[in-house]
Amino acid sequence: MSAQGPSKQPCARPGIQLENLRKTYPDNVAVDDLNLTVGKGELVAFLGPSGCGKTTSLRMIAGLTPITSGRVVVDGRDLTGLPVFRRDIGMVFQNYALFPHLDVRRNIAFGLEMRKLSSAEIARRVNEAIALVQLQGREGRRPAELSGGQQQRVALARALAIQPSLLLFDEPLSNLDAKLREEMRKEIRDIQKRLGITAIFVTHDQVEALTMCDRIAVLNHGRLEQLGTPQELYERPATPFVASFIGRTNRLAGQARGKVVEGAGWQLAIAEPHHGAVEVMVRPHRMKLAQSTVASPEAVNRVKGNVVRCIYAGEVIQTDVDIGGQIITVEQPNAGSEVTPEPGQAVEVTFLVRDSLVYSGAA
Amino acid sequence: MLVSAEESFLRGSTGGAAMLLLPIIVISLVGFVAPVVNLLVFSFQKAEATGALLGGFTFDTWHDVITDPYYRELIANSVGASLLITVLDLVLSYPIALYLHRSSGLRRTILLVLVISPLLLSAVVRTYGWIAILADNGLIDQLLAKLGIINPYRMVFNMLGVVIGLTEILMPYMILALLAGFGRLDLRAEEAAATLGARPFVVFRRVTLPLSLPGILLGSLLCFVLAISSFITPKLLGGGRIFLLATEIYDQAIVTLNWPVAATLSGLILAIFGVALVAYTRLLARLV
Amino acid sequence: MTDEKPPSRGLTVLAMLLFLFLLAPVLVVVPLSFSGDAYLSFPPSSWSFHWYKQILAEPKIVSAFGTSLLLACSTMTISVAVGLPAAYALVRLKVRGANLLMSLFTAPLLLPSIVLAIAILVIFASLGMLGTFKGLLAGHVIVTLPYAVRILSTALAGLPIACEEAAATLGASPTVVFYRVTLPLMLPGLVATAALAFLVSFDEVVLSLFLSGPRLSTLPVEMFHYVETRTDPLIAALSCILVVATLVIVLVVDRTAGLARTFAR
């Protein structure tokens, strides 16, 4: 298998397939039977808390961590068992992993030299990559002379120059400050879309995943909790974990009897019948503080409670309400009205029944 | 541990790794393990006056050496001198180490370099320096003469000279060991003691000293072991008149050519080594 | 942990006095080398370069110097050539029992030099290697190899593996990774190891004493024999030259290793 990678002809199964991917260590299971498919040209996020197996999975795809069992197939090629340097992937590391002893140009050229391209071709591709990440004028510098953001771009250019069949990102933005992160997110997304490269982006930041990616794979304790578009994950989270990991949510524990859930001092209506202990999750900004009983075409839940505190957060106003032993947070956009609830004030919290996500089992 | 348990992406042919390790393994076994084992075996042989070996395994040499009053005195002198040197090293090095620990920046770096640099010089050079200082007409004698004092004491080519010279030569080791052990010393602990009413010397005795115990023990072990196996300095500063374990081994091996005795004495050094190590471990566990 | 409070007056004075004691021999040897006296006397009554010139008049010392130089260069080369693959195998290839092997390789450092010296003497005698260059070389390598493998292993272990992983993802086979990435990044460690091996070999005296012969001797051994019989300032002059040479080597290493480190950062 030449280091130049597979021929770029259309193949039977484009994209990435992870089949029963598994990684075990003597004392724990890092990745537990991961099955998922990434379409060609898609940008998929591996999202989850630290220790969930997202980086391990990425490294197994790259070949940096040996696979315990399962298969990795990229564009119809079974990569399982292939050594790292034959996999034709481009990887952007968390700390960039630039070659400190080489300047920008030679860093980017490295992968091309491995593929034994002519020096003319190498020069052309390096210039192309530098232009793509907008680092013109800095080719002669060494990594130590560049800022964090610039180093990041070099790492990206280095991975792109080899025109890999797959791009892997291992939390590349976590060392940048907030503003730069936002900027780089958009740039990376633009480039990825423009070049149409299949990519996997590992991150623990759900905002990053939501804003950048076509689909998100939420992982927890080595298992796939849910795979879907940002909208699917946000509006219809499949598990309590996903519901609380993506976006913020209120959690109400109670007993369900059919379409009614009873808690300590409150009662809710739910869309589907449930029985036994359940958790009801409602997003803070799907709740309203009703001043009067407003008629609504849809089914509405109303809960009475007392204001604990009111936080002015600029764009929104957050109110913590005690509904009888449990405190929920209501978030409303700052419409400029002078009236904000006072602590101790009695209020009524309303939200749509269909915004009440119900999960079986105790909290 | 230099080798972590994490996996490396370079895992692969054990054959390749074996090839890379082959030269050093061969050298270690042939150049180190085999000679040491061979030497210990030699201690169970006996030699005639001519140096020829009488074959066969025997405890005679060990018996002869251990019961011989000459060798007993030799061992006692060696151990005694080494202990004295260790104590002197501790007392003289502690202030330097403490001073270094409390310094920072450029000054600390310079001082550290000054402490380490003697270690880069040959033992012969350093010993010669002491001969120049301690000899008749050397530095000390001339300094005292300027003050009008005639020095009645011989300071070189005797035990006094050996002790002085060896103490200084081993100081860098003690300093570095103490410094390593000072890691536990927190200025704040001393300040806390002071605010609780302890005077400076009490702070030193009750806080600084106990906290620096690991370094003290390590440095003491190091100096003792180096002192008892020291050869160059006793031989040169002793003028060939001071007999310690290491010089005796040399004489037996090169001059008398009685290798079994030399081997036995080497075994004794290793035994003393072992005892010191055990004492160190016990003390470390009990006092720290 | 940096202490805010500087050392006290009393401690400073005490430490400075003791520092004087610590550096005394070296401080004495330098002026002594310029002595014009025919015998050891400090301070000297007159000054001259006489003893420096006298060094060249001692054929044994001159030839021993050449031997030591050749020996140190050879030892340095062999130690690095053997220690580097070993360090790589232990640290990067993670062989099983690596820690045990490392203990074996560094064990010679724990043994008193006199014991190691006589142990090697006995075996080399039966192999007919006494008084030969290859015997001295073998002995020196045995002594310097533990340093080499230890320092190289530390240098390699300190290298974050991410760069090597990155190179692999870009298509570099393990051999290429080693030559194009690992080795350049290890340069400071390599230079330091080579310099240390050189210095340790050059100054090695106890083992060399046992292994040299009437026709082959090293500089430290000749110096030892010289001091045994004579104590005139010739040795002071020779010592000064060695001190300066050592300093130069250390500075050069710091420059190269330092320069390489700027590249590496």
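Residues numbered from 1 in each chain as written. Chains lettered and ligands numbered in written order. Predicted model: local features only at pLDDT ≥ 70, side-chain atom pairs only at ≥ 80, totals over all residues.

**Looking at the overall build of chain B**
Then comes step 1: When helices and strands are tallied, chain B shows 13 helices and two strands.
Then comes step 2: Taking 19 Å as the expected radius of gyration for a compact globule of 288 residues, we find that chain B reaches 24 Å, considerably beyond that expectation.
Then comes step 3: Principal axes of the C-alpha set define a box for chain B whose edges measure 75 × 70 × 35 Å.
Then comes step 4: Per-residue burial over chain B gives 43% buried out of 288 residues.
Then comes step 5: For chain B, long-range pairs separated by at least 24 residues make up 71% of all intrachain contacts whose partners lie at least 6 apart in sequence. (Helix = DSSP H or I, 4+ residues; strand = E, 2+ residues; numbered from the N terminus. Rg over C-alpha atoms; globule rule 2.2 N^0.38 Å. Buried ≥ 20, exposed ≤ 12 C-beta atoms within 10 Å, placed from the backbone. Contact = placed C-beta atoms within 7 Å.)

**Some details on the overall build of chain C**
Then comes step 1: Across its full length, chain C carries 11 helices and zero strands.
Then comes step 2: Counting from the amino terminus, chain C carries its helices and strands in the arrangement α-α-α-α-α-α-α-α-α-α-α.
Then comes step 3: Dimensions of chain C, computed from C-alpha atoms along their principal axes, come out at roughly 70 × 60 × 30 Å.
Then comes step 4: The proportion of buried residues among the 265 residues of chain C is 52%.
Then comes step 5: In chain C, 73% of the contacts between residues at least 6 apart in sequence involve partners at least 24 apart.

**Observations regarding the interface of chain C and chain B**
Then comes step 1: Each partner contributes to the interface: chain C provides 84 residues, whereas chain B provides 68 residues.
Then comes step 2: A per-element tally of the side of chain C that touches chain B places helix H1 (residues 9–33) of chain C first, with 15 residues.
Then comes step 3: When the residues that make up the side of chain C that touches chain B are grouped by side-chain class, the tally is 66 nonpolar, 11 polar and seven charged. (Nonpolar A, V, L, I, M, F, W, Y, C, P; charged D, E, K, R; others polar.)

**Some words on the interface of chain C and chain A**
Then comes step 1: Between chain C and chain A, the contact holds 17 residues from the first and 20 residues from the second.
Then comes step 2: Listing elements by their share of the side of chain C that touches chain A, those giving two or more residues are helix H7 (162–169), helix H8 (174–203) and helix H11 (234–264) of chain C.
Then comes step 3: The greatest single-element share of the side of chain C that touches chain A, amounting to seven residues, is contributed by H7(C).
Then comes step 4: Of the residues contributing to the side of chain C that touches chain A, the split by class is 12 nonpolar, three polar and two charged.

**Comments concerning unusual backbone geometry**
Then comes step 1: In this structure, Gln163(A) takes a positive phi of about 50 degrees despite not being glycine.
Then comes step 2: Mapped onto the elements, Gln163(A) comes out in the loop between helix H4 (148–161) and strand E7 (166–170).
Then comes step 3: Note on Gln163(A): 19 C-beta atoms within 10 Å, which makes it partly exposed.
Then comes step 4: One non-glycine residue, Phe157(B), lies in the positive phi region at around 60 degrees.

**Quick word on the sheet that holds strand E18 (residues 357–360) of chain A**
Residues and elements named next belong to chain A.
Then comes step 1: Strand order in the open sheet formed by three strands is E11-E12-E18, and the pairing between neighbours is antiparallel. The sheet terminates laterally at strand E11 (250–263) and E18, the two strands that pair on one side only. Averaged over all pairs of adjacent strands, the angle between their axes in this sheet comes to 45 degrees, without regard to strand direction.
Then comes step 2: Across four bridges, the pairing between strand E12 (residues 266–282) and E18 is antiparallel. When the sheet's bridge partners are listed, Val280 is paired in E18 with Val358. (Pairing = 2+ DSSP bridges. Axes fitted to C-alpha atoms, helices over the stretch in contact; angles between N-to-C directions.)

**Looking at helix H3 (residues 69–102) of chain B**
Then comes step 1: Here H3(B) spans 49 Å end to end across 34 residues, near enough to the 50 Å set by a 1.5 Å rise per residue.
Then comes step 2: Considering bend angle alone, the principal kink of H3(B) is centred on Ser93(B) and spans about 35 degrees; proline Pro95(B) follows within four residues of it. (Expected span 1.5 Å × (residues − 1). Bend = angle between axes of the 7 residues up to and from the residue.)

**Quick word on the confidence of the model for chain C**
Then comes step 1: Of all residues in chain C, 95% have pLDDT values of 70 or greater, and the mean over the chain is 88.
Then comes step 2: Two summary scores accompany this predicted model of the complex, namely pTM at 0.83 and ipTM at 0.85. (pLDDT = per-residue confidence, 0-100.)

**A word on the nonpolar core**
Then comes step 1: Of all hydrophobic cores here, the largest spans 271 residues; its most connected members are Ile200(A), Ala132(B) and Ile118(C).
Then comes step 2: Broken down by element, the residue count for this core peaks at 16 residues, all from helix H3 (residues 59–91) of chain C.
Then comes step 3: Each residue touching Ile118(C), except ones within four places of it in the same chain, is listed here: Leu39(B), Ile249(B), Ala253(B), Ala262(B), Ser266(B) and Phe210(C). (Core = buried A, V, L, I, M, F, W, Y, C linked by C-beta atoms within 7 Å.)

**Examining the environment of Thr58(B)**
Residue and element names in this part refer to chain B.
Then comes step 1: Inspection of the secondary structure assignment puts Thr58 in the loop between strand E2 (53–54) and helix H2 (60–67).
Then comes step 2: What makes Thr58 partly exposed here is the crowd of 14 C-beta atoms within 10 Å.
Then comes step 3: Sequence separation between Thr58 and Ala97 is 39 residues, and the spatial gap between their C-alpha atoms is 49 Å.
Then comes step 4: Those residues within four positions of Thr58 in sequence are excluded, and the remaining contacts are Phe44, Gln45 and Lys46.

**Regarding the sheet that holds strand E2 (residues 28–38) of chain A**
Strand-to-strand pairing in sheets goes through backbone hydrogen bonds, with the strands running parallel or antiparallel.
All names here are of chain A.
Then comes step 1: Across the sheet, four strands lie side by side as E2-E1-E4-E5; this open sheet has antiparallel pairing. Looking at which strands have only one partner, the edges of the open sheet turn out to be E2 and strand E5 (77–78).
Then comes step 2: Where strand E4 (residues 69–74) and E5 come together, two bridges link them in antiparallel fashion. Bridging from a neighbouring strand, Val73 pairs with Asp78 of E5.

**What about helix H1 (residues 54–62) of chain A?**
Then comes step 1: Across the nine residues of H1(A), nine count as buried, placing the element largely inside the fold.
Then comes step 2: Regarding H1(A), the residues found buried are Lys54(A), Thr55(A), Thr56(A), Ser57(A), Leu58(A), Arg59(A), Met60(A), Ile61(A) and Ala62(A).

**Quick notes on the pairing of E12(A)**
All names here are of chain A.
Then comes step 1: Where E11 lies against E12, 13 bridges are found, and the strand directions are antiparallel. Residue pairing in the sheet places Asn250 in a bridge with Val282 of E12.
Then comes step 2: Taking the residues between adjacent antiparallel strands as the criterion, E11 and E12 are bridged by two residues, where Gly265 takes a positive phi near 95 degrees.

**Notes on the pairing of strand E15 (residues 316–322) of chain A**
Successive residues of a regular strand alternate their side chains across the two faces of the sheet.
All names here are of chain A.
Then comes step 1: Bridging between strand E14 (residues 300–313) and E15 involves seven bridges; their strand directions are antiparallel. Within E15, the position partnered with Ala313 by the bridge is Val316.
Then comes step 2: Here E14 folds back onto E15, and the loop between the two strands holds two residues, one of which, Gly314, carries a positive phi near 80 degrees.
Then comes step 3: As paired strands, E15 and strand E16 (residues 327–333) are joined by seven bridges and run antiparallel to one another.

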